[in-house]
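# Results of the structural survey
The residues making up each chain are set out below.
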Amino acid sequence: CMEAGRPVDSELKYRLMEQDQSPPLNAPESEVPSFIASKVSQYSCQRKTTLNNYNQKFTDAFEIMAENYEFKENEIFCLEFLRAASVLKFLPFPVTTMKDIQGLPCMGDRVRDVIEEIIEEGESSRAKEVLSDERYQSFKQFTSVFGVGVKTSEKWYRMGLRTLEEVKADRTLKLSKMQKAGFLYYEDLVSCVSKAEADAVSLIVKNTVCRFLPDALVTITGGFRRGKEIGHDIDFLITNPGPREDDELLHKGLLLYCDMIESTFVKEQLPSRKVDAMDNFQKCFAILKLYQPRVDNSSYNMSKKFHIEVKDWKAIRVDLVITPFEQYAYALLGWTGSRQFGRDLRRFANHERKMILDNHALYDRRKRIFLKAGSEEEIFAHLGLDYVEPWERNA
Ligand code: DCT
Ligand code: MG
C-alpha cells in the first residue's frame, strides 16, 4: 500500500514513484514518460491500466456511487463515476490534493466533490450514505443472486421485500430456473473464485471440449486473462478452426446448471452501435461442480467414519462462449474486458474513427466494409490505437 505523503505536484510525485519501480525493459532513462495530466485520453483504450491502483479509496467510493445510480437506472451519472474511477485507476500516483487532478478528463463537479471530501475527511459522506441506504442494501443483496438483475430487484423491492430471507420465504414469487440455481448454490457463488479454482476448472473445460473437438481453441478470458487473482466467475472462449459445426460441447454430470443461449447471429447484420450491447454468440451460463480436496481433513475423515455426507465440491460460475473462428479475435477482445475498457473501445471506434465495433466484427462506415482480424493486435491497428496488453486493460 502506498502511503499518502505531503502534497507535491503531480509530475514530481510520478518521478519519485518511478524510482521505486524497476524501469521498463530496454527503456533508456530519457524515455521514461513524465506525467502530463492534460495529455491523458478520455478513452480508457488509450490508457494502460494495470491492477496496481494507487487510488483505491477514491475508486471504491466512485464504484459505490456508480452502483447506486445503476440501481436507480440513471445511466448517465453511473457512467460518470465509472469513467472517473477508471481515470484514477490509471494514475501512477496517489491523489493527495485537488491540484493532482487538474487537467484530467472525466472529473466533473459531482466527482470532484467526492474527491475533495475524501482528501479532507478521509472518507466520502455520500458513499457512506449510499451504503446505509435501505434501497441500496436490498438491491445489493438481490443482485448478488445469479439470475437477478436490476429489473427483478426493482419488482421485489416494490412488493415490499427487503432481504433475501424475505424473498426465499415468499411463496407467491415465481423464480426463473436461473434464479432457483442461484439460490441453491448461493453461498458458493458469492464466495469469490480463486486463480487456483480457475486453473482447475480450465483443465476440466479444456479436456471436455477437446473430447468433442480435438482442434478446438479454449481460452480463459475476463478478469483472469487480465491478471486478476479472484473473480465472480470464469469466462471461456471456445472456437474451432475450420468449417463450422454444431457440436454438443457440454458434458453432463459436471454441470449443476446450464442455460444454453443459441446463437442469434445473422450474417448480414451490422455491428450493434449500442455501447453496452450483448453479443449474439452461442453461449452457456453454467454452474460447474468442482471437486476439491477438503481443507479441513480431520473433520472430513471423522464424517467419513460415521457415514455423514460431506460436500467435497464447490459450485462455480462459468461462462462458455462459442465463436466462429473468423470472429475469434473480436470475441477475445470483447470478453477480456474490462467492461469499461470495452465501452471506451466502442465509443472511440464510433466517435473517433467512424467505425462500429462489437464482439463479432469491426465495420468501417465510410468504406462500408468489414475489417477482418486474426488477432487482437490487428484490431488495435485497424482502429489506429497502440496495442494494450490484457493486463493493462483493467480500466
Ligand atoms: N462481456 C461482453 N459481453 C457480455 C458480457 C460480458 O463483452 N454480454 C465482457 C465484458 C467483460 C468480460 O466480458 C467479462 O465479464 P465479467 O465476467 O462480468 O467481468 P470480469 O472482468 O471477468 O469480472 P469478474 O472478475 O468479476 O468475473
Ligand atoms: Mg469474469
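Above this note sits the structure.
One structure accompanies this document, and this report is about it. Note on numbering: residues in each chain are counted from 1, in written sequence order. Note on labels: chains are lettered from A, ligands numbered from 1, in written order. At least 70 in pLDDT is required for a residue's local features to be given in this predicted model, at least 80 for side-chain atom pairs to be given and counted, and no such filter applies to totals for whole chains, interfaces and linings, which use all residues. Computation of side-chain values covers all heavy atoms of the structure but excludes hydrogens and water.

Each helix and strand counted, the protein has 16 helices and 10 strands in total. With residues, only the protein chains shown are counted as cover, and all accessible areas are computed by Shrake-Rupley using a 1.4 Å probe. Taken as a whole, the protein presents about 21700 Å² of accessible surface, with 51% of it coming from carbon and sulfur. Helix and strand assignments follow DSSP, with helices taken as H or I runs no shorter than four residues and strands as E runs no shorter than two, numbered in order from the N terminus.

Following the sequence through the fold, Lys99 ends up in the loop between helix 3 (75-90) and helix 4 (109-121). With relative accessibility at 56%, the residue Lys99 sits in the exposed group. Each residue's exposure class comes from its accessible area (1.4 Å probe, protein chains only) as a fraction of the maximum for that residue type: buried when under 20%, exposed when over 50%, partly exposed otherwise.

What follows deals with helix 7 (residues 150-158). If you check which residues of helix 7 are buried, you get Val150, Thr152, Ser153, Glu154, Trp156 and Tyr157. The contact rule is simple, with two residues in contact once any of their heavy atoms fall within 4.5 Å. Against helix 2 (56-71), helix 6 (134-143), helix 8 (164-169) and helix 9 (177-184) lie the buried residues of helix 7.

On to the pattern of salt bridges. A pair is scored as a salt bridge if a Lys or Arg side-chain nitrogen falls within 4 Å of a carboxyl oxygen belonging to Asp or Glu. Taken as a whole and assessed by the stated rule, the structure comprises 17 salt bridges. For Glu63, the salt bridge goes to Lys89, with nearest N and O atoms at 2.7 Å. Placement of Glu63 in helix 2 and of Lys89 in helix 3 is noted, with a sequence separation of 26 residues between them. The class for Lys89 is buried, based on a relative accessible area of 18%. In this structure, Lys140 and Glu67 form a salt bridge, with 2.9 Å as the shortest nitrogen-oxygen distance.

In this section: the coordination of the magnesium ion (ligand 2). Metal-coordinating donors are taken as N, O and S atoms lying within 2.8 Å of the metal, or within 3.2 Å when the metal is Na, K or Ca; because water is left out, some sites can appear incomplete. Looking at the metal site, the magnesium ion (ligand 2) is ligated by Asp233 (OD) and Asp235 (OD), spaced 2.1 to 2.2 Å from it. For Asp235, a relative accessible area of 8% gives the class buried.

The next thing to look at is the state of the cysteines. Disulfides are defined as cysteine sulfur pairs within 2.5 Å. Within this structure, the stated rule accounts for 0 disulfides. Cys106 provides the cysteine sulfur closest to Cys78, a residue in no disulfide bond, and the two sulfurs are 13 Å apart.

Before going further, it helps to examine the nonpolar core. We call a set of buried residues a nonpolar core when its members are Ala, Val, Leu, Ile, Met, Phe, Trp, Tyr or Cys and they connect through side-chain atoms within 4.5 Å of each other. Phe62, Phe81, Leu88, Leu104, Met107 and Ile115 are the most contacted members of the largest nonpolar core, which has 33 residues in total. At the level of elements, helix 2, helix 3, helix 4, helix 5 (125-131), helix 6 and helix 7 are the ones that each hand at least two residues to this core. Tallying contributions element by element places helix 2 first for this core, with 8 residues. For Met107, the contacting residues outside a window of four places in its chain are Ala84, Val87, Leu88, Ile101, Arg112 and Ile115. In terms of nonpolar packing, the next biggest core, distinct from the first, is built from 21 residues, Ile234, Ile238, Cys258 and Ile316 among them.

Here we have 3 strands laid out as an open sheet, ordered 8-9-10, and antiparallel in their pairing. In this open sheet, the two edge strands, each paired with only one partner strand, are strand 8 (355-357) and strand 10 (369-370). When DSSP locates at least two bridges between a pair of strands, those strands are taken to pair.

What follows is about the packing of helix 3 against helix 4. Here, axes are lines fitted to C-alpha atoms. For helices the fit covers the stretch in contact, and angles between N-to-C directions go from 0 to 180 degrees. Interaxial distance between helix 3 and helix 4 falls to 10 Å at its minimum, and their mutual angle equals 55°. By the criterion of interaxial angle, the relationship of helix 3 to helix 4 is oblique. Helix 3 and helix 4 meet at a crossing whose hand is right-handed. Where helix 3 abuts helix 4, its residues Phe77, Glu80, Phe81, Ala84 and Leu88 lie against Arg110, Val111, Val114 and Ile115. Residue composition of the contact of helix 3 with helix 4, by class: 7 nonpolar, no polar and 2 charged. Each angle receives one of four descriptions, namely roughly parallel if under 35 degrees, roughly antiparallel if over 145, roughly perpendicular if within 65 to 115, and oblique otherwise. For any helix crossing, the convention is left-handed if the near helix is rotated counterclockwise from the far helix by under a right angle, and right-handed if that rotation is clockwise. Here the term charged refers only to Asp, Glu, Lys and Arg, the term nonpolar to Ala, Val, Leu, Ile, Met, Phe, Trp, Tyr, Cys and Pro, and the term polar to all other amino acids, Gly among them.

Here helix 15 (residues 339-353) spans 20 Å end to end across 15 residues, near enough to the 21 Å set by a 1.5 Å rise per residue. Of all 15 residues in helix 15, 11 are buried; the element is thus mostly enclosed. Turning to helix 15, its buried residues number three or more, namely Gln340, Phe341, Gly342, Arg343, Asp344, Leu345, Arg346, Arg347, Phe348, Ala349 and Asn350. Looking at the buried positions of helix 15, the neighbouring elements they touch are helix 3, helix 14 (328-336), strand 8 and helix 16 (376-382). For a helix, the expected span equals 1.5 Å multiplied by the residue count minus one.

Around ligand 1 sit 15 residues, and of these Gly223, Lys228, His232, Asp233 and Asn359 come closest. Here a polar contact means two N or O atoms within 3.5 Å. Within protein one must be a hydrogen donor candidate and the other an acceptor candidate, and residues neighboring in sequence count only if both atoms are side-chain atoms. Contact distances for ligand 1 include 2.9 Å between an oxygen atom and a side-chain N or O atom of Arg226. A distance of 2.7 Å separates an oxygen atom of ligand 1 from a polar atom in the side chain of Asp233. For ligand 1, whose accessible area on its own is 570 Å², the fraction buried by protein is 84%. Within the residue set of the shell around ligand 1, elements represented by two or more residues are helix 12 (222-225), strand 3 (230-231) and helix 14. Of the residues contributing to the shell around ligand 1, the split by class is 3 nonpolar, 7 polar and 5 charged. When we say a residue is near a molecule or strand, we mean one of its heavy atoms is within 4 Å of it.

By themselves, these are just geometric observations and shouldn't be taken as functional.
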